[in-house]
Structure formats: structure tokens, C-alpha cells
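An overview of the molecular structure
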Amino acid sequence: MKAIFPTLLVISLVSAGTFLELPEQLGQQVGRSCVPNPVFNIQTLDVEPWPPTNNVSLAVNMTGTFSANTLLQTLSVGTNYNRQQWVFTNTNISTTYAKGQVSTFIIHTNSGTQSGQYLKEIVLSNQDRNGNFVFLSCWQFDYGI
Ligand SMILES: *[C@@H]1O[C@H](CO)[C@@H](O)[C@H](O)[C@H]1NC(C)=O
Ligand SMILES: *[C@@H]1O[C@H](CO)[C@@H](O)[C@H](O)[C@H]1NC(C)=O
Ligand SMILES: *[C@@H]1O[C@H](CO)[C@@H](O)[C@H](O)[C@H]1NC(C)=O
């Protein structure tokens, strides 16, 4: 699973200019997609508490729809502090979702203990038969504490 780290970093940098700017309609909705044409189309992503404060558990509600029958293998949460290196935690999901299925993922992640700028990235992925990671969705949001 170590291979996911550089891959995700590259994707993050490459996609920086291609963010889909979604209107932030809900009070708590934050962030933007970081892959084009995701298989998991995120409709809402809410973070509580918002704005984050120092060293609290953030509850992220990521709700969307799968546009195809999909094996979701891994949910990854990346944290980037002051534009230094990314740190990812991976959770093994190994669940198949049906086309059109609406799904909610509730993710808990620490806001961070040092004051500064944070970028969080949430990625759903699986691997093709050659072991390459395939991104089903990627979402980033940032904040300062
Ligand atoms: C963060 O919060 C936890 C749990 O309340 C506490 O144990 C820990 O000491 C805190 N860390 C810092 C750096 O404030
Ligand atoms: C997560 O967000 C969805 C869409 O806004 C909402 O219907 C659902 O109640 C939320 N779940 C929780 C546990 O907050
Ligand atoms: C993930 O979980 C599935 C089902 O429990 C298991 O078969 C698979 O080996 C696990 N994958 C990893 C990378 O741990």
C-alpha cells in the first residue's frame, strides 16, 4: 500500500489547475473535487466543526452517487501541513457498490495540533489488475488554525 503515497501526491499537484469549482450551497459544505470525471460523484461534503479549531476530531460527511458498479477497495485521508509532505491513512473498505447507489461516508480526522495551514484530501480508490491505483473520487478542503 505504500505506493499510494507518491501517486496521490502527483495527482494532487497535477490536478491543481483542473479543480471543478462547485458552488458552496450548504453552510457547512467545503472543498472541491480533485479528479475529473469521478466514478463516485460527491454531492455534499460537510465538515463539523467548521471552521476547525486546534486538535479536534473533524467529522466529515461525504455523500455522493456511484456512476457505475464499482469495487471500492481503499479510503485514504491525506493531511498536508504548511505545504510540507503528505501523510496518508488508508482504510480497507473492500465493498462493491451498485450503479446509482447513493452512499455516505463518515470520516473522522484530527484537525492538527500546530497552528498553520492545512490541506485535507479524501480519496476513494481501487486497483486494476496490474496493481495500479484507480481513483474513484478525490476531494480536497483547506483551512487554517
Ligand atoms: C490533543 O488532544 C488530545 C485529546 O484531548 C490530548 O490528549 C493531546 O494532548 C492534545 N495534543 C496537543 C498537542 O494539544
Ligand atoms: C450526511 O449528509 C447527507 C446529505 O446531506 C445527509 O442526508 C445525512 O443525514 C448526513 N449524515 C449524517 C450522519 O450527518
Ligand atoms: C481488505 O479486506 C478484504 C476483506 O476482508 C481482504 O480480503 C483483503 O485482503 C484486505 N486487503 C488489504 C490490503 O488488507
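Residues numbered from 1 in each chain as written. Chains lettered and ligands numbered in written order. Predicted model: local features only at pLDDT ≥ 70, side-chain atom pairs only at ≥ 80, totals over all residues. Heavy atoms only, no water.

**Thoughts on the packing of aromatic side chains**
Note the following rule: Side-chain rings of Phe, Tyr and Trp (the six-membered ring for Trp) are treated as a pair once their centres are within 6.5 Å; stacked means planes under 30 degrees apart, edge-to-face means over 60, and tilted covers the remaining angles. A run of H or I in DSSP counts as a helix once it spans at least four residues, and a run of E counts as a strand once it spans at least two, with each numbered from the N terminus. To sort residues, take the accessible area from a 1.4 Å probe on protein chains only and compare it with the maximum for the residue type: under 20% means buried, over 50% means exposed, and anything in between is partly exposed.
Inspection of every chain in the model, using the stated rule, returns 10 aromatic pairs. Taking 5.6 Å as the distance between ring centres and 15 degrees as the angle between the ring planes, the aromatic pair formed by Y118 and Y143 counts as stacked. Taken together, the residues Y118 in strand β7 (residues 117-127) and Y143 in strand β8 (residues 133-144) connect sequence positions 25 residues apart. Each member of the pair Y118 and Y143 is classed as buried. A network of ring pairs unites the aromatic residues W50, Y81, Y118, F141 and Y143 as a single cluster.

**So, unusual backbone geometry**
Cis geometry marks the peptide bond from E48 to P49, where omega comes out at -5 degrees. Structurally, P49 can be placed in the loop between β2 (40-48) and β3 (57-66). Residue P51 is bonded to the preceding W50 through a cis peptide linkage, with omega at -5 degrees. Mapping P51 onto the fold places it in the loop between β2 and β3. One non-glycine residue with positive phi stands out, namely N55, at about 55 degrees. Relative to the helices and strands, N55 resides in the loop between β2 and β3. Overall, N55 belongs to the partly exposed group, its relative accessible area being 44%. Not every positive phi belongs to a glycine, and R83 is a case in point at roughly 60 degrees. By secondary structure assignment, the location of R83 is in the loop between β4 (70-81) and β5 (86-97). Accessibility expressed as a relative area gives 79% for R83, which makes it exposed.

**Digging into the sheet that holds strand β6 (residues 102-110)**
Selection rule: Strands are labelled as partners when DSSP assigns at least two bridges between them. Structural elements are reduced to axes, namely lines fitted to C-alpha atoms, with helices fitted over the stretch in contact, and the angle between N-to-C directions of any two is expressed from 0 to 180 degrees.
With antiparallel pairing, the three strands of this open sheet are ordered in space as β2-β3-β6. One side of each edge strand has no neighbouring strand; the edge strands of this open sheet are β2 and β6. Ignoring which end each strand starts from, the neighbouring axes of this sheet average 20 degrees apart.

**Remarks on the nonpolar core**
Note the threshold: Take the buried Ala, Val, Leu, Ile, Met, Phe, Trp, Tyr and Cys residues and link them wherever side-chain atoms come within 4.5 Å; each set so joined is a nonpolar core. Contacts: residue pairs with any heavy atoms within 4.5 Å of one another.
Judged by nonpolar contacts, the single largest core of 23 residues is most densely connected at L45, M62, F105, I107, L124 and F141. Looking at this core, the elements that each hand over two or more residues are β2, β3, β4, β6, β7 and β8. Contact partners of L124, with chain neighbours within four places excluded, come to F40, M62, F66, L72, T74, L75, F105, V134, F135, L136 and S137. Ranked by size, the runner-up nonpolar core spans six residues in total, among them V35, V123, F135 and C138.

**Thoughts on the side chain of T109**
Put simply, the rule is: Distance and chemistry together define a polar contact, namely a pair of N or O atoms within 3.5 Å, with one atom able to donate a hydrogen and the other to accept it when in protein, and with adjacent residues in sequence counting only for side-chain atoms on both sides.
Tracing the chain through its elements places T109 in strand β6. Judged by its relative accessible area of 11%, T109 falls in the buried class. Within the structure, T109 has its side chain in polar contact with the side chain of K120 (distance 2.7 Å). Every residue in contact with T109, bar those within four places of it in the chain, is listed here: V56, S57, L58, V60, V77, T79 and K120.

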